[in-house]
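One-letter residues, chain by chain:
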Amino acid sequence: MLLAYPFRVLVPRRAAPEVAVSTAVALLVFAGAADLVPTPVVIALSGGAGATLAGVRLSRLAGHRSGDPPSTDPSWRTAAVLLDAAVVAAGCVAAALPLVDAGHRAAALLGSLTVAVLSVAGLRRLPVRPPRAARLRGLVEATGPTVGLTLAGWLLLPPDTLPAPARLVAALALGVLGMAALHTFTGSSRRSGDAICRGGVLLTLVGLALLTVLPPAPTGRAALLAVPPLVLGMLLTALGARSAVATASAQPVTGPPAVTWPRVVLPASVLLLAAGLHLGSGRTPDRTSVLLALAAVPPLVLRELLRGGDAGAGGRPAAHRRRPDRTVRQHRAAQPPWPGTTEGASTHDLSPDATPWSSEPGATAGVDGAWLSDGGAAAMNGGAAATSGVDEAWPDVGVAWSTFDHRSGSAGDRAALLDALAAIGDVPAPTGALLLVELHGVDGLGPVAREDVLAEAVRRARAVVGPDDLVTGCTGTGFAVVTPAGPVLAYALGTRLLTALTPPYQPAGSVLRVQASIGLAEVGGAGPADVLRQAELARRRAVQLGRDRVEWYDAFLEEQLVRRLDLERELPGAVARGELDLVYQPVLDLTDRQPVGAEALLRWRSPVLGTVLPAELLPVAEDLDLVGEFEWWVLDRACRQLADWSAGPRELWMAINVTTRELTIPDFVQRTAAVLAAYGVSPERLVVEVAEPQIGTDLSTVVARLAGLRSLGVRTALDDFRAEHASLAQLRRLPIDLLKVGPELVGAQPAGQPPLIDVVVSVGERLGVEIVAEELESPAQVEGARRAGCRYGQGFALARPATAERVEAYFEEFPSASR
């Protein structure tokens, strides 16, 4: 009774039998795996329980008893009867098979064929079946992964207990059934009753196939692997059939987008696991394995060829093409002609200066549905805008889609673009892509010249795209292309656009060279707003990587941007909230391994993002103009800690890092002197480091500031020294006391050349500069730096960064000595 009440609360009454049977079967499987119950008994009891419950459900559906949905169509009752017979047959096979000694696999195969025939006959009489075109396309899409699963089955099935022909047939059956089940449970109609029923049938057949190919139950526990798919499949068959009948008369609704990644990732993962186990057992690939691997190539080629044919035919069935084409034509009719063109010159382009994402002049657009106007959002497949946990932050990432004359800013252009994306995503197996094109170099032009350049760019794009591609959504500096082609062909289209757009333009008699950045996002399973956001992220990546390139969208790119947005949101105010912290890495004298000082390293202890290191923190701080605030905080906190350490018997120096931007401010030396005086720290105990790559064109100012610091008694250091010819020449001008070099200078050089550290040490000795070898991570690097003449060393091989208390305890382990 104590267990009954929570069971009734947590489990719906109608689902209680299924939950009870599933729990009992799970307990039986665990008992069989532990040798508490014989494997044949587990299989028989589990199969019998699943078949009994599923059979009762289907019998009630066929007989239309009280509490079940009406089934006035005789074909539905026929489907229920046939599926009922199928699950009963599956249960009989599972219950009787352990009792059969001879002819084990023949009996299992006969039973599986019987179940398959009855199931197919029942599925064909369900109220809803997928369209034939969708089934054919799904078959083509699934062939390659099916061959991969077949190869995995071939590698995993025991070769010593199965003859080669039976092993191949079993592997093929497992591959086909597994991929079919995966396709069913990840398709756009995966929540419909007929999809659940089909998936249940496929799982049932997978269980029977495992009973057929695995060793007989009395000889081992491997046959227990067949129990979960067998029982779950029978229960899902009954559940899906009931749901299909119950919703057959309801108004059809659009299901969720197809989940495409499991169809690629899971078969590939299974194949990699199978190959690893196969090779790990000492076996080598045989001829069948090689042939199966080669057989996976033609289906992939055929899929791309079909997608190419789709691109030539609009990429979707005629019924799906008519609606967006008609909508686009209506929007075109309402638009003025292109600048520099006549009306009717193109049936695939909209105004080059039109702004599809903002109808307000000068509006700043984001990259998701949050910034769409009411009219544009309503066009997004019924007004449904995609949302995510970071939607609120996306407007900060947007680009300015500006307008510049009275013809700009049509909400109809925006609707045309989103409607075209929605139409491609509506087909059962959507293929297509969005390319966002941005031209660089036209911002400085006047309105008339910019219109001329954009008009010429659109003419060039129109000559490259296909007859069913849509060029629309032009901004002040670019436009969008929607294509129904597959991803490979869409990328090829992007490269052709780059080739067409980069030759010089001649606005107003002058010559203008532009660069183009293209972001590409696939249309498949994502809403129009998501596709638009993804293409924008890819376009931004193309700009970051140097322009004149096409970049794909990938999830990692979005993760990086979301992380960046989180940093930009949380970082302001970190000093006031007390979230910054310092850790200290000791610096040792390499001659006697005694500590001489430490370097203060910044950490941001964010309660939201965790610990953030300087490599990720400082670029964001620079963009937010927070570096100065952080560096003065570091100087203050480091000097306070240095004052505490200076009170003890050991005299240590503290190194801090500053950027050239802060070092070159006029009062840097005076402010540093004030901080030292405030804590009573001797100036020679402070080391100010500046990175050599940051000096750049500010060399003269940097020299003046470093000289000013040395006049106070503060020691100076040059970090990240690269030992190039220009660096060595520049070194003579810099007033520094320490030179910090990385481990790459310590290692041996090619062709037997001496390490570069020898050259650096020689130059340092002539200039009176001591060398600090940093980032030493192995004893060999430490010894190499010591032999080369480096005075000091720093790195994980010597001491790791730690809090002030731990570093102070580390110092106490060494005899007192001043440096």
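Residues numbered from 1 in each chain as written. Predicted model: local features only at pLDDT ≥ 70, side-chain atom pairs only at ≥ 80, totals over all residues. Heavy atoms only, no water.

> Before we go on, may I ask you to explain the overall build of the protein chain in this structure?
Scanning the protein chain for helices and strands turns up 28 helices and 14 strands. Within the protein chain, buried positions represent 50% of all 819 residues. Here the contacts in the protein chain between residues at least 6 apart in sequence split such that 73% fall between residues at least 24 apart. In the form shown here, the protein chain has an accessible surface area of approximately 37,300 Å², with 60% of it arising from carbon and sulfur atoms. (Helix = DSSP H or I, 4+ residues; strand = E, 2+ residues; numbered from the N terminus. Buried < 20%, exposed > 50% of the residue type's maximum accessible area, 1.4 Å probe, protein only. Contact = heavy atoms within 4.5 Å. Areas by Shrake-Rupley, 256 points an atom, 1.4 Å probe, with all protein chains shown as cover.)

> How should I be thinking about the packing of helix α23 (residues 668-679) against helix α24 (residues 699-712) in this particular structure?
Each packed pair of helices is defined by two parameters, the angle between the axes and the distance between the axes. For the pair α23 and α24, the least separation of the axes is 9 Å and the interaxial angle reads 30°. Relative to α24, the element α23 lies roughly parallel. You can see that α23 and α24 cross each other, and the crossing is right-handed. Every residue of α24 that contacts α23 at F668, V669, T672 and A673 is listed here: R705, G708, L709 and L712. (Axes fitted to C-alpha atoms, helices over the stretch in contact; angles between N-to-C directions. Parallel < 35°, antiparallel > 145°, perpendicular 65-115°, else oblique. Left-handed = near helix turned anticlockwise from the far one by under 90°.)

> Where do I start with the environment of L609 in this structure?
Among the structural elements, L609 can be located in the loop between β7 (594-606) and β8 (610-612). Under the relative-accessibility criterion, L609 is labelled buried at 16%. Taking the C-alpha atoms as reference, L609 lies 7.9 Å from D566; in sequence the two are 43 residues apart. With residues near it in sequence (within four places) discarded, L609 still touches R563, D566, L567, E570 and W604.

> What's the story with the packing of helix α16 (residues 447-464) against helix α17 (residues 487-501) in this structure? I'm lost.
For the pair α16 and α17, interaxial distance at closest approach is 9 Å and the crossing angle is 140°. Considering the angle they form, α16 stands oblique to α17. Judged by the twist between their axes, the crossing of α16 over α17 is right-handed. On α17, the residues touching A457, R460, A461 and V464 of α16 are L493, R496, L497, A500 and L501.

> Could you clarify how one ought to interpret a negative patch on the surface in this entry?
Judged by side-chain charge, D644, E805, E808 and E812 come together as a negatively charged surface patch. Within the secondary structure layout, D644 lies in helix α21 (residues 627-646). (Patch = residues over 30% accessible without salt bridge, like charges linked within 9 Å, V, L, I, M, F, W, Y side chains within 5 Å. Salt bridge = Lys/Arg side-chain N within 4 Å of Asp/Glu carboxyl O. Lys, Arg positive; Asp, Glu negative; His and termini not counted. Charge placed at Lys NZ, Arg CZ, Asp CG, Glu CD.)

> Please explain helix α28 (residues 804-811) as it appears in this structure.
In an α-helix there are 3.6 residues to a turn, and that puts residues three or four apart on one side. Those residues of α28 not exposed but buried are A804, V807, Y810 and F811. Projected down its long axis, α28 carries its buried residues within an arc of 120°, all on one side. Facing away from the buried side of α28 by more than 90 degrees, the exposed set consists of E805 and R806. (Arc of directions from axis to C-beta.)

> How should I be thinking about the sheet that holds strand β2 (residues 470-472) in this particular structure?
Two modes of strand pairing occur in sheets, parallel and antiparallel, and in both the strands are linked by backbone hydrogen bonds. The strand order β2-β3-β1-β4-β5 describes an open sheet built from five strands, whose pairing is mixed. Two strands in the sheet have a free side with no partner beyond their single neighbour: β2 and β5 (549-552). Pairs of neighbouring strands in the sheet enclose a mean axial angle of 20°, with direction left out of account. Relative to strand β4 (residues 515-522), strand β1 (residues 433-440) is paired through eight bridges, and the arrangement is antiparallel. Paired with E438 across the two strands is S517, which belongs to β4. Sheet contacts for helix α18 (residues 528-544): β1, β4 and β5; angle to β4, the most-contacted strand, approximately 145°. (Pairing = 2+ DSSP bridges.)

> In this structure, what is going on with a nonpolar patch on the surface? I would like to understand it.
A contiguous nonpolar surface patch, about 310 Å² in accessible area, is contributed by L156, L273 and L277. When you line up the elements, L277 lands in helix α10 (residues 261-280).

> Looking at this structure, how should I read α17?
Its 15 residues place the ends of α17 21 Å apart at the C-alpha level, agreeing with the 21 Å of an ideal helix rising 1.5 Å per residue. Of the residues making up α17, those classed as buried are P487, A490, L493, G494, L497, L498, A500 and L501. For α17, the angular spread of the buried residues around the axis is 165°, confining them to a single face. (Expected span 1.5 Å × (residues − 1).)

> Help me understand the pattern of salt bridges, please; the structure alone is not making it clear to me.
Side chains bearing opposite charge may pair, as long as their charged atoms lie close to each other. With the rule as written, the count across this model stands at 23 salt bridges. Among the ionic pairs, D566 bridges to R569, the shortest N-O distance being 3.0 Å. Taken as a pair, D566 and R569 lie in helix α19 (residues 555-570) at a separation of three residues, close to a single helical turn. The partner of R710 in a salt bridge is D737, and the shortest N-O contact between them spans 3.0 Å. Here the residue R710 occupies a position in helix α24, and D737 occupies one in the loop between α25 (725-731) and β12 (738-741), the gap between them amounting to 27 residues.

> Just to check I follow, could you spell out the side chain of E662 for this structure?
Structurally, E662 is set in helix α22 (residues 660-663). Non-local contacts of E662, meaning those with residues more than four positions away in its chain, are made with V627, G628, E631, W632 and F668.

> Where do I start with the environment of P159 in this structure?
Considering the arrangement of structural elements, one finds P159 in the loop between α6 (132-156) and α7 (164-186). With a relative accessible area of 38%, P159 lands in the partly exposed category. The contacts of P159, once residues within four sequence positions are left out, are R167 and R283.

> Which parts of the structure should I look at to understand unusual backbone geometry?
Trans peptide bonds make up most of the peptide bonds, and negative phi angles are found at most residues other than glycine. In the Ramachandran plot, D35 falls in the positive-phi region, its phi being about 65° despite a non-glycine side chain. Mapped onto the elements, D35 comes out in the loop between α2 (16-33) and α3 (39-63). The class of D35 is exposed, set by a relative accessible area of 57%.

> So what exactly am I meant to see when it comes to the packing of aromatic side chains here?
Think of a pair of aromatic rings as described by two things: how far the centres are apart, and how the planes are tilted against each other in angle. If you walk through the whole model with that rule in mind, you get seven aromatic pairs. Ring plane angle 45° and centroid distance 5.4 Å describe the contact between W632 and F668, whose orientation is recorded as tilted. With a gap of 36 residues between them, W632 in helix α21 and F668 in helix α23 connect regions that are remote in the sequence. Taken individually, W632 and F668 each receive the classification buried, so the pair is uniform in this respect. Summarising the aromatic geometry, the rings of Y810 and F811 are spaced 6.1 Å apart at their centres and angled 55° between planes, so their arrangement reads as tilted. Grouping residues by exposure puts Y810 and F811 together as buried. Through a chain of ring-to-ring contacts, three or more aromatic side chains come together here, namely Y584, W645, Y810, F811 and F814. We note R460 situated over the ring of Y505; from NZ or CZ to the ring centre the distance is 3.8 Å. In this arrangement the basic side chain of R671 is found over the ring face of W632, its NZ or CZ atom lying 3.9 Å from the centre. (Phe/Tyr/Trp six-rings, centres within 6.5 Å; stacked < 30°, edge-to-face > 60°. Lys NZ or Arg CZ within 6 Å of the ring centre and 35° of its normal.)

> Got a minute to help me understand the pairing of strand β10 (residues 686-691) in this structure?
Regular strands have side chains that alternate between both faces of the sheet. With six of six residues buried, β10 lies mostly within the body of the structure. The alternating pattern of β10 places L686, V688 and V690 on one face and V687, E689 and A691 on the opposite face, and all of these are buried. Sheet analysis places β10 next to strand β11 (residues 715-721), joined by five bridges and oriented parallel. Among the inter-strand pairings, V688 is bridged to a residue of β11, identified as T716.

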